[in-house]
Amino acid sequence: MPTSTSRAPGSLGSNGLPSLDALRFIYVTGKGGVGKSTATAALARAMAARGRRVLVCMTNAKERMSGMLGSPPIGPEIVSAAPNIDAVNMEPRKCLEEYGVMILKVKALYKALFENRYVDSFFRAVPGLYEWSMLGKAWYHTTELLSGKTSDDVDAPYADGWKYETVIVDGPATGHGLDMLRVPRVLLDVAPAGPMRKEAERAWRLFQDPSHAGVVMVTLPEEMPANETLELAEGVREMNLPIPRLVVNGLLPPLFQHEQRGLLLARELPLGLTSAHARASREQIQEDALAKLATLKLPTSYLPFLVNQEPSSPQAILALAHHL
Ligand SMILES: Nc1ncnc2c1ncn2[C@@H]1O[C@H](COP(=O)(O)OP(=O)(O)OP(=O)(O)O)[C@@H](O)[C@H]1O
Ligand SMILES: [Mg+2]
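Computed from a prediction, not measured in an experiment: that's the story for all the values here. (Residues numbered from 1 in each chain as written. Chains lettered and ligands numbered in written order. Predicted model: local features only at pLDDT ≥ 70, side-chain atom pairs only at ≥ 80, totals over all residues.)

Trainee: How should the overall build of the protein be read in this particular structure?
Mentor: Along its length, the protein carries 12 helices and eight strands. Split into buried and exposed, the 324 residues of the protein put 39% on the buried side. Counted over contacts in the protein with a minimum sequence separation of 6, partners at least 24 positions apart contribute 68%. (Helix = DSSP H or I, 4+ residues; strand = E, 2+ residues; numbered from the N terminus. Buried ≥ 20, exposed ≤ 12 C-beta atoms within 10 Å, placed from the backbone. Contact = placed C-beta atoms within 7 Å.)

Printed below as a string of structure tokens:
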């Protein structure tokens, strides 16, 4: 029975944007340092508060998510991080071992075949395996049922119930993020017929399905990040992957109106007013970046720039969750 209060595909959330709640798989990406992990944590909190069981998957990251979620440290084993939120920091060797054991069924056999010293050369020999070990694991968790069985029939889950209704991947920064996403597509071309290729096929089908999956792009309202986001969106769209949401993080509340800003920026200000000049200049940059991002015509959430609280604290993340 559905226990979740989340919304059906296509419906609007309380913020007036198409809801992300029905998505089974969300891949968060963007330029380095723009707030991907912050947005991931806030999105997980928002969905969990609406009753969804969420798994947050970090991609071999420097672990700061536990501080954001207020949880015990998050390592390569899945832990319970907050109500309705489990989390894992995926480590490629460990993922590969799990995968190997799953396919070979016997842990001792895996160990015999993949003694640590062989693993590196194995990673090198199979293109995309490093990325797939993590992305494939994240995808696998979308197929798990509460009963312990698995299913990838996205439309027939509730008789049994998904273990995780939404898996959110906190992806690597832009270039690597796209490389990782592309891997199942590459495996379809290069992997010989077998379980890995079959799974890549199933994962790719899910990733391309706008009713059940999507890429969430995170950016800052600044020139370089906005330019990179336009390129990123082009790359994602070329892969035929849906982008259900753009998250603009670190939005400054404008202190000056457009004309006032023009006045401030048009002249040299006396020393005591240089901070007003700097602020007006930042606001102008923000306005230009937002105009550029608007050309993407994507449903967009805005997260405020936090000044009065530690932005990585659980309280700050809960405050940001209200915007998602
Ligand atoms: N809305 C915000 N207001 C103020 N500071 C923020 C905000 N969002 C994120 N930060 C701060 O910016 C820094 C980068 O955020 P975060 O770690 O989420 O980025 P990231 O994109 O995941 O980085 P990386 O590419 O290194 O994984 C952190 O110190 C975070 O606390
Ligand atoms: Mg991060």
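Still more ground to cover, so stick around.
Trainee: I'm lost on the site of ligand 1 in this one. Help?
Mentor: Neighbouring residues of ligand 1: 15 residues in total, closest Lys36, Ser37, Thr38, Leu306 and Pro311. For the shell around ligand 1, the secondary structure elements donating two or more residues are α1 (36-49) and β7 (245-251). In terms of residue count, the dominant contributor to the shell around ligand 1 is α1 (three residues). Of the residues that constitute the shell around ligand 1, the class distribution is six nonpolar, eight polar and one charged. (Near = placed C-beta within 6 Å. Nonpolar A, V, L, I, M, F, W, Y, C, P; charged D, E, K, R; others polar.)

Trainee: Would you mind going over the confidence of the model for the protein with me for this structure?
Mentor: As a note on interpretation, predicted positions should not be read in detail where pLDDT is low. With 85% of its residues at a pLDDT of 70 or more, the protein has an overall mean of 86. Long-range and interchain partners of residues 1-6, a stretch whose pLDDT sits below 50, account for 13 contacts in this model, where long-range means more than four residues apart. (pLDDT = per-residue confidence, 0-100.)

Trainee: Is there a simple way to explain the sheet that holds strand β4 (residues 85-90) in this structure?
Mentor: Adjacent strands of a sheet pair through backbone hydrogen bonds, lying either parallel or antiparallel. Pairing is mixed in the open sheet, where eight strands are placed in the order β3-β4-β2-β5-β1-β6-β7-β8. Edge positions in the sheet fall to β3 (79-82) and β8 (300-304), since each of these pairs with one other strand and no more. In this sheet, neighbouring strand axes are inclined to one another by 25° on average, regardless of whether the strands run parallel or antiparallel. Two elements, β3 and β4, share three bridges in a ladder whose sense is antiparallel. Residue pairing across strands places Ala82 opposite Ile85, the latter belonging to β4. The strands that helix α9 (residues 223-238) touches are β1 (25-29) and β6 (213-219); relative to β6, the one it contacts most, it runs at about 165°. (Pairing = 2+ DSSP bridges. Axes fitted to C-alpha atoms, helices over the stretch in contact; angles between N-to-C directions.)

Trainee: What is the right way to look at the pairing of β6 in this model?
Mentor: Sheet faces and side chains relate simply in a regular strand, where the side chains alternate between the two faces. In terms of burial, β6 is largely enclosed, as seven of its seven residues are buried. The side-chain alternation of β6 yields two buried faces, one formed by Ala213, Val215, Met217 and Thr219 and the other by Gly214, Val216 and Val218. In terms of strand pairing, β1 meets β6 through five bridges, oriented parallel. Across the sheet, residue Val28 finds its bridge partner in β6, namely Val216. A crossover links β6 with its parallel partner β7, the connecting element being α9, and its sense is right-handed. (Right-handed = clockwise from strand over helix to strand, strands pointing away.)

Trainee: Just to check I follow, could you spell out the nonpolar core for this structure?
Mentor: Looking at soluble globular proteins, one finds that nonpolar side chains tend to be buried together. Ranked by internal contacts, the top residues of the largest apolar core, which has 76 residues, are Val56, Cys57 and Ile168. Non-local contacts of Cys57, meaning those with residues more than four positions away in its chain, are made with Val88, Met90, Ala138, Val167, Ile168, Val169 and Asp170. (Core = buried A, V, L, I, M, F, W, Y, C linked by C-beta atoms within 7 Å.)

Trainee: What should I look at first to understand the environment of Leu55 in this one?
Mentor: Checked against the element boundaries, Leu55 lands in strand β2 (residues 54-59). Using a count of 23 C-beta atoms within 10 Å as the deciding quantity, one classes Leu55 as buried. When the C-alpha atoms of Leu55 and Ile78 are compared, they prove to be 8.6 Å apart, with 23 residues separating the residues in sequence.

Trainee: I tried to follow the packing of α1 against helix α12 (residues 314-321) on my own but got confused; where do I start?
Mentor: The relative placement of two packed helices comes down to the angle between their axes together with the axis-to-axis distance. Contact geometry of α1 with α12 gives a least axis separation of 8 Å together with a crossing angle of 65°. Relative to α12, the element α1 lies roughly perpendicular. As α1 runs across α12, the sense of the crossing is right-handed. On α12, the residues that touch Thr38, Ala41, Ala42, Arg45, Ala46 and Ala49 of α1 are Ile317, Leu318, Leu320 and Ala321. Its residues assigned to classes, the contact of α1 with α12 shows eight nonpolar, one polar and one charged. (Parallel < 35°, antiparallel > 145°, perpendicular 65-115°, else oblique. Left-handed = near helix turned anticlockwise from the far one by under 90°.)

Trainee: Looking at this model, I keep getting lost on the environment of Met180. Mind explaining?
Mentor: Tracing the backbone shows Met180 in helix α7 (residues 174-190). Given 22 C-beta atoms within a 10 Å radius, Met180 is considered buried. With 48 residues separating them along the chain, Met180 and Trp132 place their C-alpha atoms 7.2 Å apart. Residues in contact with Met180, not counting those within four places in the same chain, are Thr59, Glu131, Leu135, Gly171 and Pro172.

Trainee: I tried to follow unusual backbone geometry on my own but got confused; where do I start?
Mentor: The phi torsion of most residues other than glycine is negative, and most of the peptide bonds are trans. Backbone geometry at Asn240 places phi at a positive 65°, although glycine is not the residue there. Mapped onto the fold, Asn240 is located in the loop between α9 and β7. Here Asn240 falls in the exposed class, since 11 other C-beta atoms lie within 10 Å of it. Even without a glycine there, the phi angle at Lys297 is positive, about 50°. Structurally, Lys297 is set in the loop between α11 (274-294) and β8. Here Lys297 falls in the exposed class, since 9 other C-beta atoms lie within 10 Å of it.

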